[in-house]
Amino acid sequence: MTPPLRTVILDLGNVLAFHDNNLLFRRLGTRAGLSPAEVERRLAGTGWTAANRGLLGAEGIRRDVCGSLGVDLPAEEFNALWSSHFTLHEAVLPRVEGLVGRVKLVLLSNTNVLHATFLRSKLPVLERFDHLVLSCEVGHVKPEPAIYKEALERAGCAPQEAAFFDDLPEFVQAANALGIHGHLFTTAEAFDAQLKALGL
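Residues numbered from 1 in each chain as written. Predicted model: local features only at pLDDT ≥ 70, side-chain atom pairs only at ≥ 80, totals over all residues. Heavy atoms only, no water.

Let's talk about the packing of aromatic side chains
Scanning all chains against the criterion turns up six aromatic pairs. Ring geometry for tyrosine 148 against phenylalanine 164: centres 5.5 Å apart, planes inclined by 80°, an arrangement best described as edge-to-face. Here tyrosine 148, found in helix α9 (residues 145-155), pairs with phenylalanine 164, found in strand β6 (residues 162-166); they are 16 residues apart in sequence, far enough to count as distant. The same class applies to tyrosine 148 and to phenylalanine 164, which are both buried. Between phenylalanine 185 and phenylalanine 191, the aromatic rings sit 5.5 Å apart at their centres with planes inclined by 55°, giving tilted as the arrangement. A residue is classified by how much of its surface remains accessible, and phenylalanine 191, at 0% relative accessible area, is buried. An aromatic cluster is present here, built from Trp48, Phe78 and Trp82 joined pairwise through their rings. (Phe/Tyr/Trp six-rings, centres within 6.5 Å; stacked < 30°, edge-to-face > 60°. Helix = DSSP H or I, 4+ residues; strand = E, 2+ residues; numbered from the N terminus. Buried < 20%, exposed > 50% of the residue type's maximum accessible area, 1.4 Å probe, protein only.)

Structure representation (structure tokens):
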């Protein structure tokens with residue numbers, strides 16, 4: 001007999017908020033006098049994973065990115081630019097809010113301290129989540145098993161009692177490998193259908 005679903009674990013980027021990296025590259029490029037393609041090329045060698053693991057704080061991220069682009073932006077200007085590519089996924093937020101109190105809600109995100117701070121201020125629904133498992137706070141990143149296990153431990157549930165939604169197939173596969181019910185997130189409408197199929 002399948003255990004009842006007790007926990008829903010949600011990704012952040014392209015689930016609760018969209019991130020347009022091309023827009024970010026264009027805006028940084030305009031400020032640095034570089035093409036978007038050149039910005040993308042240079043940032044490919046920066047400490048994305050280090051920032052997501054929490055090894056770079058806000059100032060470390062600013063220095064790393066600015067150093068790669070050959071520009072020195074003040075912290076206030078850089079921080080605004082660095083998070084300027086996010087838009088909230090308004091269509092999905094009411095459905096997420098409707099889960100509050102029905103199941104345990106856990107956020108599981110690969111993110112850095114600047115993006116986490118920005119999105120927490122824009123997404124008040126996160127205050128109603130039971131737990132926020134952010135890679136920059138726990139030191140692990142998806143698809144490493146440790147970060148999924150951290151989410152399960154905080155929720156106090158077995159893998160079979162949790163459903164996980166992410167927009168990246170490799171992260172969904174990693175969840176499935178641990179026995180979590182992984183689902184690929186595509187649209188708000190598909191998410192609604194997936195929840196209904198789970199009895200939610």
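So, the side chain of threonine 111
Position of threonine 111 among the secondary structure elements: in the loop between β4 (104-109) and α7 (113-122). Classification of threonine 111 as buried rests on a relative accessible area of 5%. For threonine 111, the residues in contact, after removing those within four places along its chain, are Ala51, Asn52, Ala116, Leu134, Ser135 and Cys136. (Contact = heavy atoms within 4.5 Å.)

Section: the environment of serine 109
Looking at the element boundaries, serine 109 is found in strand β4. Contact partners of serine 109, with chain neighbours within four places excluded, come to Asp11, Leu12, Val133, Leu134, Ser135 and Lys142.

Some details on the nonpolar core
Core analysis: the largest hydrophobic core is formed by 30 residues, its most contacted members being Leu10, Leu16, Val96 and Phe129. When contributions to this core are tallied by element, the ones reaching two or more residues are β1 (7-10), α6 (93-97), β4, α7, β5 (131-134), β6 and α11 (188-197). With three residues, the top contributor of residues to this core is α11. When sequence neighbours within four positions are dropped, the list of residues in contact with phenylalanine 129 reads Leu10, Leu16, Val96, Leu105, Val106 and Leu107. (Core = buried A, V, L, I, M, F, W, Y, C linked by side-chain atoms within 4.5 Å.)

Topic: the pattern of salt bridges
This structure, assessed with the given rule, holds 14 salt bridges. Residue glutamate 59 is joined to arginine 62 by a salt bridge in which the shortest nitrogen-to-oxygen separation is 2.8 Å. Pair noted here: glutamate 59 and arginine 62 are both in helix α4 (residues 58-69), with a separation of three residues, about one helical turn. Across the pair glutamate 59 and arginine 63 runs a salt bridge, and its minimum N-O distance is 3.7 Å. Here the residue glutamate 59 and the residue arginine 63 both occupy positions in helix α4, the gap between them amounting to four residues, near one helical turn. Relative accessible area serves as the criterion here: at 35%, glutamate 59 is assigned to the partly exposed category. Linked by salt bridges that have partners in common, Glu59, Arg62, Arg63 and Asp72 make up one network. (Salt bridge = Lys/Arg side-chain N within 4 Å of Asp/Glu carboxyl O.)

Coordinates in, geometry out; function isn't part of it.
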